[in-house]
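# Residue-level structure breakdown
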Amino acid sequence: MQTVSENKCFGGVQSVYTHASKATGTDMTFGLFLPEEAAEGPVPMLWYLSGLTCTHENAMVKAGAQQWAAEQGIALVFPDTSPRGEGVADDAAYDLGQGAGFYVNAMQAPWSPHFKMWDYVAEELPALLGSEFAVDLERQAITGHSMGGHGALTLAMGLPGRFRSVSAFAPIAHPTASDWGRKQLSAYLGADEGTWARHDATLMVREGGLTIPLLVDQGGADQFLDLLMPEALFGAVAEKRTGATMRMQPGYDHSYFFVASFMEDHVGFHAQALYS
């Protein structure tokens, strides 16, 4: 593992690291914010999964999460959204290939050799963080934006007992029924739609519900509402009578201005679960 950068930030340290990943067969980059409390011992950790076209840097720089995480004594981890580099498959479209891993383990060529983002986020990176940094793997929470909101929700439900809480900003809520989903899931997983269900938050809620606290914020002026399909997730939560806070925020779009506007709420929401 190599240190790319270290910056003092709200009393803690915001760092960027690269390491050789066995899951993806490539070098991977991630950001990690450690609050000053980490100097005394392990602290709770909040994952932030980013959306289409993003790297580890977008949320690290634009979301404004460090201020609120520092106040709560919580670490933040910002993974990349896909493998990258020479020999890694890509596509001319922005919503497939590099920058668009969708947090699944690809099973189809040409994606399967490297696009193992589920294994990377669910297994490899947490093990690395737990062995090298002062983070408490018994106290984890997860959030994300857009494609990353999709990943946060599906990881939280697909790994029961791993996370104490989950939230999302404008998640891709029903990918098996959306062009932001059907295209990618068919490319990565194949034509058998039976393999897609474990990567669709709406279907997962309908199948088993959610047993940890959930918070979802969606911008009412989001230019991608028809692709995100928040009404499907909101409806599934209501049908299952799952305890959740689902908020439509009038006038907000899909940008990081929206994310930053409600980041304090989300970090506070997770802090309550992480310290309970």
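Source: prediction; values computed, not measured.

## Quick notes on the side chain of S82
Looking at where S82 falls in the secondary structure, it is placed in the loop between β5 (75–79) and α3 (117–132). With a relative accessible area of 0%, S82 lands in the buried category. Of the polar contacts made by the side chain of S82, one reaches the backbone nitrogen of G99; its length is 2.7 Å. Beyond its immediate stretch of four places on either side in the chain, S82 contacts M28, G97, Q98, G99, A100, G101, F115 and M117.

## Details of the pattern of salt bridges
Enumeration over the complete set of coordinates arrives at 7 salt bridges. Two residues, R84 and D80, come together in a salt bridge whose shortest N-O distance is 2.7 Å. Taking the relative accessible area as the measure of exposure, D80 reaches 5% and is therefore buried. D95 is the partner of K183 in a salt bridge, and the nearest nitrogen-oxygen pair spans 2.7 Å. Of the two residues, K183 sits in helix α5 (residues 179–189) while D95 sits in the loop between β5 and α3, which places them 88 residues apart along the sequence. Here the salt bridges do not stand alone but share partners, grouping D217, R247 and D265 into one network.

## What to know about the pairing of strand β2 (residues 12–20)
Extensive coverage of β2 is indicated by the burial of 7 of its 9 residues. Between the end of strand β1 (residues 2–9) and the start of β2, which pair antiparallel, lie 2 residues, with F10 showing a positive phi angle near 50°. What sits between β2 and strand β3 (residues 27–34) in their antiparallel hairpin is a turn of 6 residues, with G25 showing a positive phi close to 70°.

## Thoughts on the packing of aromatic side chains
Overall, the coordinates contain 11 aromatic pairs when judged by the stated rule. Judged by centre distance (6.1 Å) and plane angle (50°), the ring pair of Y48 and F78 falls under tilted. Of this pair, Y48 sits in strand β4 (residues 43–49) while F78 sits in strand β5, and the two are 30 residues apart along the sequence. Accessibility expressed as a relative area gives 2% for Y48, which makes it buried. With a centroid separation of 5.6 Å and an interplanar angle of 90°, the aromatic rings of W111 and Y188 are classed as edge-to-face.

## Some details on the packing of helix α6 (residues 201–208) against helix α8 (residues 230–240)
Contact geometry for α6 and α8: axes closest at 9 Å, N-to-C directions at 5°. By the criterion of interaxial angle, the relationship of α6 to α8 is roughly parallel. Residues A201, T202, V205, R206 and E207 of α6 touch α8, and the partners they reach there are A232, L233, A236, V237, E239 and K240. When the residues that make up the contact of α6 with α8 are grouped by side-chain class, the tally is 6 nonpolar, 1 polar and 4 charged.

## Let's talk about the side chain of H114
Along the chain, H114 falls in the loop between β5 and α3. Discounting chain neighbours no more than four positions away, the residues touching H114 are T24, G25, T26, P83, G87 and V88.

## Looking at unusual backbone geometry
The amide bond that connects A109 to the next residue, P110, takes the cis arrangement and shows omega of 0°. Note on placement: P110 falls in the loop between β5 and α3. Phi at M229 takes a positive value of approximately 55°, unusual for a residue other than glycine. Classification of M229 as buried rests on a relative accessible area of 15%. We note that R241 has phi near 55°; this positive angle belongs to a residue other than glycine.

## Here we look at the state of the cysteines
Across all of its chains, the model carries 0 disulfides by this definition. Of all cysteine sulfurs, the one in C54 lies closest to C9, which takes part in no disulfide; the gap is 19 Å. Residue C54 is classed as buried on the basis of its relative accessible area, which comes to 7%.

## Comments concerning the environment of P44
Its location among the elements puts P44 in strand β4. It is 26 Å that separates the C-alpha atoms of P44 and R247, two residues lying 203 residues apart in sequence. If sequence neighbours within four positions are ignored, P44 has contacts with G73, I74, A75, D136, R139, L274 and Y275.

Thresholds, definitions, all that
Residues numbered from 1 in each chain as written. Predicted model: local features only at pLDDT ≥ 70, side-chain atom pairs only at ≥ 80, totals over all residues. Heavy atoms only, no water. Helix = DSSP H or I, 4+ residues; strand = E, 2+ residues; numbered from the N terminus. Buried < 20%, exposed > 50% of the residue type's maximum accessible area, 1.4 Å probe, protein only. Polar contact = N/O pair within 3.5 Å; in protein donor to acceptor, adjacent residues only side chain to side chain. Contact = heavy atoms within 4.5 Å. Salt bridge = Lys/Arg side-chain N within 4 Å of Asp/Glu carboxyl O. Pairing = 2+ DSSP bridges. Phe/Tyr/Trp six-rings, centres within 6.5 Å; stacked < 30°, edge-to-face > 60°. Axes fitted to C-alpha atoms, helices over the stretch in contact; angles between N-to-C directions. Parallel < 35°, antiparallel > 145°, perpendicular 65-115°, else oblique. Nonpolar A, V, L, I, M, F, W, Y, C, P; charged D, E, K, R; others polar. Disulfide = S-S within 2.5 Å.

These figures come from the coordinates and say nothing about function on their own.
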